[in-house]
Amino acid sequence: MADLTDADIKNITEVWDKIYENPEESGRTVVIRLFTDYPETKVYFKKLNNISTLEEMKASAGIRAHGKRVMGALNEVIVNLNDWDVVNGALSELAQRHQDVHKVEAANFKLLFLVIINVFKEGLGSAFTPEHCKSWEKLFNISYNHISSCYTCS
């Protein structure tokens, strides 16, 4: 994929194999972290707007379901890192849906990507090495650039 090296792909998949063992729980953690670090993002989740406490977030089936969808979308990218056409299509579809249907600004993807990296750092500790982090940052930069370019084309 674009500027990813074989070493980057290896680093990404090593981390992903650990994270994606439980996509529902990992995704829930990401969404909760998004809402706590960037509470302004909650406005895009009309069905989740009334959830305010950490306990409510942890118990929310809606947050759990959305987190699982986030992980599923990311999994589609990860398993296709050697096929840019598939990744490009998935990211384009994601961008279109979030722009046209959900009315989510592209900049929110950058926030989500920052949250995911922080969740990885905290959840994996020393197993998330600086090399892993650089590879994920590279993937997220490529993904964000593609997503944001789709927004400007519409």
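Residues numbered from 1 in each chain as written. Predicted model: local features only at pLDDT ≥ 70, side-chain atom pairs only at ≥ 80, totals over all residues. Heavy atoms only, no water.

## Some points on the side chain of Ser26
Then, in step 1: Within the secondary structure, Ser26 sits in helix H2 (residues 23–37).
Then, in step 2: Ignoring anything within four residues of it in the chain, the contact list for Ser26 reads Ile19 and Met71. (Helix = DSSP H or I, 4+ residues; strand = E, 2+ residues; numbered from the N terminus. Contact = heavy atoms within 4.5 Å.)

## Thoughts on the pattern of salt bridges
If the charged atoms of two oppositely charged side chains come close together, the side chains can form a pair.
Then, in step 1: Evaluation of the coordinates by the stated rule reveals 8 salt bridges.
Then, in step 2: A salt bridge links Glu24 to Arg64; its shortest N-O distance comes to 3.4 Å. With Glu24 in helix H2 and Arg64 in helix H4 (residues 61–78), the pair connects residues that are 40 residues apart, well separated along the chain.
Then, in step 3: Residue Arg64 is classed as partly exposed on the basis of its relative accessible area of 24%.
Then, in step 4: A salt bridge links Arg33 to Glu122; the nearest nitrogen and oxygen atoms lie 2.8 Å apart. Of this pair, Arg33 sits in helix H2 while Glu122 is found in helix H6 (residues 107–124), placing the two residues 89 residues apart along the sequence.
Then, in step 5: Of the residues examined, Arg33 reaches a relative accessible area of 17% and is grouped as buried.
Then, in step 6: The class of Glu122 is exposed, set by a relative accessible area of 57%. (Salt bridge = Lys/Arg side-chain N within 4 Å of Asp/Glu carboxyl O. Buried < 20%, exposed > 50% of the residue type's maximum accessible area, 1.4 Å probe, protein only.)

## Remarks on the packing of aromatic side chains
Then, in step 1: A complete count under the given rule lists 8 aromatic pairs for this structure.
Then, in step 2: Taken together, a centroid distance of 5.1 Å and an interplanar angle of 70 degrees make the contact between Phe35 and Phe45 edge-to-face. Highlighted residues: Phe35 in helix H2 and Phe45 in the loop between H2 and helix H3 (54–59), separated in sequence by 10 residues.
Then, in step 3: By relative accessible area, Phe35 is classed as buried at 3%.
Then, in step 4: Arranged with centres 6.4 Å apart and planes meeting at 45 degrees, the rings of Phe109 and Phe113 form a pair that is tilted. Note that Phe109 and Phe113 are positioned in helix H6 at a spacing of 4 residues, about one turn of the helix.
Then, in step 5: Among the aromatic residues, those joined into a cluster by ring pairs are Trp16, Tyr20, Phe109, Phe113, Phe120, Phe128, Trp136 and Phe140.
Then, in step 6: Here the basic side chain of Lys42 rests over the ring of Phe35, its NZ or CZ set 5.9 Å away from the ring centre. (Phe/Tyr/Trp six-rings, centres within 6.5 Å; stacked < 30°, edge-to-face > 60°. Lys NZ or Arg CZ within 6 Å of the ring centre and 35° of its normal.)

## Focus on H6
Two residues of an α-helix separated by three or four positions point the same way, owing to the 3.6 residues in each turn.
Then, in step 1: Relative to the 26 Å expected for 18 residues at 1.5 Å per residue, H6 spans 26 Å between its end C-alpha atoms, a close match to the ideal helical length.
Then, in step 2: Of the residues making up H6, those classed as buried are Asn108, Phe109, Leu111, Leu112, Phe113, Val115, Ile116, Ile117, Val119, Phe120 and Leu124. (Expected span 1.5 Å × (residues − 1).)

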